[in-house]
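# Structural characterization, general
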Amino acid sequence: MASKPRTLYAKIWDDHVVETRDDGTALIYIDRHLVHEVTSPQAFEGLRAAGRGVRRPELTLAVPDHNLPTTARLDANGVRLPIADPQSAAQLEALERNAPEFGIRYIDASAAEQGIVHVVGPEQGFSLPGTTIVCGDSHTACHGGLGALAFGIGTSEVEHVLATQTLLLQRSKAMEVRVTGALGPGVTAKDLILHIIGEIGAAGGTGYVIEYRGDVFEAMSVEQRLTVCNMSIEAGARAGLIAPDETVFRYLKGRPMAPKGADWLAAVTYWKTLHTDDGAQFDKSVVIDASAIAPTVTWGTSPEDVVPISGAVPSPESFADPSKQAAAAKSLEYMGLTPGTPMTQVPIENIFIGSCTNSRIEDLRAAANVLKGRTKAANIRWAIVVPGSGLVKMQAEEEGLDRIFTDAGFEWREPGCSACLGMNPDKVPAGERCASTSNRNFVGRQGPGARTHLVSPAMAAAAAVAGRLADVRELD
Amino acid sequence: MDAISRVAGRAIPFGAKNVDTDIIIPAKWLKTITREGLGEGAFETIRAEPGNIFDAPENAGAPILIAGDNFGCGSSREHAAWALLDLGIRAVIAPSYSDIFSGNAVKNGILPIVLAQEAIDRLMDVAQAGEPVDIDLDTQTVTTPFQDRFTFEIDPFRKHCLLNGLDEVALTLDSQENIGNFETRRAAAHGWLTTGTQV
Ligand code: SF4
């Protein structure tokens, strides 16, 4: 008898169950663990305090990203420049000490391979389809773009994975987000996921793992899929997945940590089984028409606060739910916006192109494509491009993208998280606006009092040229 | 982590929805390498306003926080749980939580109690009147001096860990043999998984 049809999520889950407990929780094996400097010091401290080691050190990869400055890391003689902020320096030192002490591979802050964990994992071929991937960072969902079950964990769980290579988990429900039709010109993966979050709501995915399905995703490059899955957490979902296919295999082949030779062949054979079977049941399905989506921007302080660029700032009364009305009123006050203002009349002073959502080579190409032969408007005070990794940076420089950015008035920085969360010196000043390619528009996310508008890389570039939010399709 | 069976006393009638972990503890406080001392940064932006609920003298040392839907959404930072703990909070009552936050809370001995919105509304009134709230984990009930009695669900394993102050890593290490067997099976079926990771 043929086995029961299963979802992609169920297949990956089933393949990782070490044991099931009476209460329905399961001990799940973790194949890949990424570690950065912010959420790991207390985990290593916990191991030391309990006299425990790391079970499978080779399955963990450590790389600093969150609070490294994005200014030059080495002086003219190749000697490392000190980090001014003593606390940032202490976190970096802790990781530099902890990784070798526990036998974990460490990518140094000044290595070409250094970058944002979620850029480095796929780029190195460390993140693979069908694997379970965790990191003490909620945007781990990103790696689902390769067909991995990837999700963020807290520091106690980081310690748990280091010590046991497992996690005790409750199985999530499976949600299908089926997108029909094709994206219009100038509409990107980022616009699509912002639109999806607007439809599902910031808590709509809570308790679910989302599988994104439809031709749109099949047509996407790996970079674009990573962008979509990255923001699953912004819809409340623990993880997002796209079934791996030839596009993914082509992307991974030959990457430093990807399987080689016969291992590669065996891996691809297995990966080809990783798709939702016909007739498999989802606990929830959402259908979205891609052709109706315009370049999308946020107006408020929750990622669900989205509006097409052709739209206007909504009025709180336009929401049915009274608590959403109150939240919207508060958001608008924080954002300094008046209902009814066309989005294209919202002035912008800062531009941030970067973050694990949009700092890969394709993202930089998309932004550079818009900026080529243009310069930023006079009212743009600060515009930075922060590549996702040293390798992305090198590739971009080879293609001459850095020149396009600097000619347009942007600063070309070293890789890291940067103004995505403002833990390093890159912050948006209080009361000022930023068109940002990052993933969170929370209050104070980019710096105390900073006002964030989430956009795609092309739309960030368009905003830079126009000095206000602008429709990239209408730029003259 | 400390065992916890009963949390009783003042509840802070916060009530806000979609409180993200950036609100609970802003990013600049994540630069610590220890778990202690984060209470100072807890709800920093809210506490910058004079007359805020967290610094109200009557709420000093309150062990319970009442919140709205989707509490602890956003970043996975466990610092949010450490900050609440450092503030003296041992239980949160809300209609829902982000998955990551409730996991982090339990691991640090904070009870994330789920109650329906009507119950929350009632408890907000009780807390605003300055009356205490009493949580009993053993019987899974929340009671007030006004004959209110709300029962809540909690995952039995989480309950067991909270009641006994158990360290989850130690518990899982009891399954070491199963983990080892799983690794052997997995290596045989999927050799590509380990070959790729050799340095
Ligand atoms: S870029 Fe932003 S979202 Fe991504 S890992 Fe860094 S801080 Fe988190």
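Below is a summary of the structure that appears in this document. Computed from a predicted model, the values in this text were never measured in an experiment.

Once that is clear, we can look at the site of the ligand. Within the structure, the ligand sits among His66(A), Ile116(A), His118(A), Asp137(A), His139(A), Ser355(A), Cys356(A), Cys417(A), Cys420(A), Leu421(A), Asn439(A) and Arg445(A). The cavity where the ligand resides is the largest cavity.

Tallied over the entire structure, the rule returns 17 aromatic pairs over all chains. Judged by centre distance (5.5 Å) and plane angle (85°), the ring pair of Trp264(A) and Trp271(A) falls under edge-to-face. As far as the burial class goes, Trp264(A) and Trp271(A) line up, both buried. Aromatic pair Phe14(B) and Phe43(B): ring centres 5.4 Å apart, planes at 70°, arrangement edge-to-face. Remark: Phe43(B) occurs in the loop between α1 (21–24) and α2 (44–47) and Phe14(B) occurs in the loop between β2 (11–13) and α1; sequence separation between them is 29 residues. Each of the two residues, Phe14(B) as well as Phe43(B), counts as buried. An aromatic cluster is defined as three or more aromatic residues linked by ring pairs; in this entry it consists of Phe249(A), Trp264(A), Tyr270(A), Trp271(A) and Trp192(B). In this arrangement the basic side chain of Arg32(A) is found over the ring face of Phe126(A), its NZ or CZ atom lying 5.5 Å from the centre. For the cation-ring pair, Arg255(A) lies above Tyr251(A), with the distance from its terminal atom to the ring centre recorded as 3.9 Å.

In this section: the packing of helix α12 (residues 361–371) of chain A against helix α13 (residues 390–398) of chain A. All names here are of chain A. Put simply, α12 and α13 touch, their axes get as near as 9 Å, and they point 40° apart. Taken as axis vectors, α12 and α13 run oblique relative to one another. Of the two possible hands of crossing, α12 and α13 adopt the one that is right-handed. Every residue of α13 that contacts α12 at Ile-361, Leu-364 and Arg-365 is listed here: Val-392, Gln-395 and Ala-396. By residue class, the composition of the contact of α12 with α13 is 4 nonpolar, 1 polar and 1 charged.

All right, on to the interface of chain B and chain A then. In this assembly, 50 residues from chain B lie in contact with 72 residues from chain A. Between chain B and chain A lies a buried interface of about 5,000 Å² when both sides are counted; carbon and sulfur atoms form 55% of it. Ranking the residues of chain B by area buried against chain A places Lys31(B), Ile33(B) and Trp192(B) at the top, with a combined share of 16%. For the pair chain B and chain A, the interface holds 8 salt bridges. On inspection of chain B and its partner chain A, the count reaches 26 residue pairs in polar contact (both at pLDDT 80 or more). Residue assignment for the side of chain B that touches chain A shows that the elements contributing at least two residues are α3 (79–87), α4 (99–107), α6 (156–164), α7 (168–173), α8 (176–189) and α9 (192–195) of chain B. With 7 residues, the single largest contributor to the side of chain B that touches chain A is α8(B).

Let us now look at empty space enclosed by the protein. Residues and elements named next belong to chain A. One pass over the structure, following the stated rule, counts 1 cavity of 30 Å³ or more. Here the largest cavity defines a volume of roughly 200 Å³. Lining the largest cavity are 22 residues, with His-66, Asp-137, His-139, Leu-421 and Arg-445 sitting closest to its centre.

With that settled, the discussion passes to the nonpolar core. Within the largest apolar cluster, 81 residues are counted, with the highest numbers of intra-cluster contacts made by Ile351(A), Phe405(A), Phe410(A), Phe43(B), Leu65(B), Phe71(B) and Leu84(B). The element that contributes the greatest number of residues to this core is helix α15 (residues 457–466) of chain A, accounting for 7 residues. When neighbours within four sequence positions are excluded, Phe43(B) is seen to be in contact with Phe14(B), Val19(B), Ile23(B), Ile24(B), Phe54(B), Leu65(B), Phe71(B), Leu84(B) and Leu87(B).

Residue and element names in this part refer to chain B. Unusually for a residue other than glycine, Phe-43 sits at a positive phi of about 50°. Phi at Gln-147 is positive, roughly 65°, even though this residue is not glycine. Tracing the backbone through its elements, the reader meets Gln-147 in the loop between β7 (141–143) and β8 (149–151).

In this section: the sheet that holds strand β16 (residues 382–385) of chain A. Residues and elements named next belong to chain A. The strand order across the open sheet formed by 5 strands is β17-β16-β15-β18-β19, and the pairing between neighbours is parallel. The sheet is open, and its two edges are formed by β17 (411–412) and β19 (451–454), each paired on a single side. Here β16 runs beside β17; their pairing, made up of 2 bridges, is parallel. The residue bridging Ile-384 from the neighbouring strand is Glu-411, located in β17. Against the sheet, helix α11 (residues 322–335) makes contact with β18 (433–436) and β19, and its axis sits at roughly 110° relative to β19, the strand it touches most.

Let us look at the packing of α3(B) against α4(B). Residues and elements named next belong to chain B. At their nearest, the axes of α3 and α4 sit 8 Å apart, and the two run at 50° to each other. Viewed along their axes, α3 and α4 adopt a mutual orientation that is oblique. Handedness of the crossing formed by α3 with α4: right-handed. Residue-level inspection shows Ala-80, Ala-81 and Leu-84 of α3 in contact with α4, the latter providing Phe-101, Asn-104 and Ala-105. Among the residues making up the contact of α3 with α4, the classes are represented as 5 nonpolar, 1 polar and no charged.

Take the layout of surface pockets next. Empty pockets left among the atoms are what a rolling probe the size of a water molecule brings to light. Here the largest pocket is characterised by a volume of approximately 1,400 Å³. Residue lining of the largest pocket: 47 residues in total, with Thr301(A), Lys330(A), Lys17(B), Asn18(B) and Ile23(B) positioned closest to the centre. Elements that contribute at least two residues to the lining of the largest pocket include exactly α11 of chain A together with α2 and α4 of chain B. When residues in the lining of the largest pocket are grouped by element, the largest group, 9 residues, is from α11(A). In terms of lining, the second largest pocket is formed by 35 residues, of which the most central are Gln170(A), Asp99(B), Ser102(B), Gly103(B) and Arg158(B). Of all the elements in the fold, those that place two or more residues in the lining of the second largest pocket are α1 (8–14), β7 (149–152) and β8 (166–169) of chain A together with α4, β5 (111–114) and α6 of chain B. The biggest single contributor to the lining of the second largest pocket is α4(B), with 6 residues.

So, on to the environment of Asp278(A). Residue and element names in this part refer to chain A. With respect to the helices and strands, Asp-278 occurs in the loop between α10 (261–271) and β12 (284–289). For Asp-278, a relative accessible area of 75% corresponds to the exposed category. Here the alpha-carbon distance between Asp-278 and Gln-446, two residues 168 residues apart in the chain, equals 44 Å.

Cut-offs used in this document
- Residues numbered from 1 in each chain as written.
- Chains lettered and ligands numbered in written order.
- Predicted model: local features only at pLDDT ≥ 70, side-chain atom pairs only at ≥ 80, totals over all residues.
- Heavy atoms only, no water.
- Near = heavy atom within 4 Å.
- 1 Å grid on protein atoms, 1.4 Å probe; cavity = no way out; pocket = protein on both sides within 12 Å on 5 of 7 lines; lining within 4 Å.
- Sits in = over half its atoms within 2 Å of the grid points.
- Phe/Tyr/Trp six-rings, centres within 6.5 Å; stacked < 30°, edge-to-face > 60°.
- Buried < 20%, exposed > 50% of the residue type's maximum accessible area, 1.4 Å probe, protein only.
- Helix = DSSP H or I, 4+ residues; strand = E, 2+ residues; numbered from the N terminus.
- Lys NZ or Arg CZ within 6 Å of the ring centre and 35° of its normal.
- Axes fitted to C-alpha atoms, helices over the stretch in contact; angles between N-to-C directions.
- Parallel < 35°, antiparallel > 145°, perpendicular 65-115°, else oblique.
- Left-handed = near helix turned anticlockwise from the far one by under 90°.
- Contact = heavy atoms within 4.5 Å.
- Nonpolar A, V, L, I, M, F, W, Y, C, P; charged D, E, K, R; others polar.
- Buried area = accessible area lost by both parts, 1.4 Å probe.
- Salt bridge = Lys/Arg side-chain N within 4 Å of Asp/Glu carboxyl O.
- Polar contact = N/O pair within 3.5 Å; in protein donor to acceptor, adjacent residues only side chain to side chain.
- Points joined across faces, edges and corners; volume = space filled by probe spheres on them.
- Core = buried A, V, L, I, M, F, W, Y, C linked by side-chain atoms within 4.5 Å.
- Pairing = 2+ DSSP bridges.

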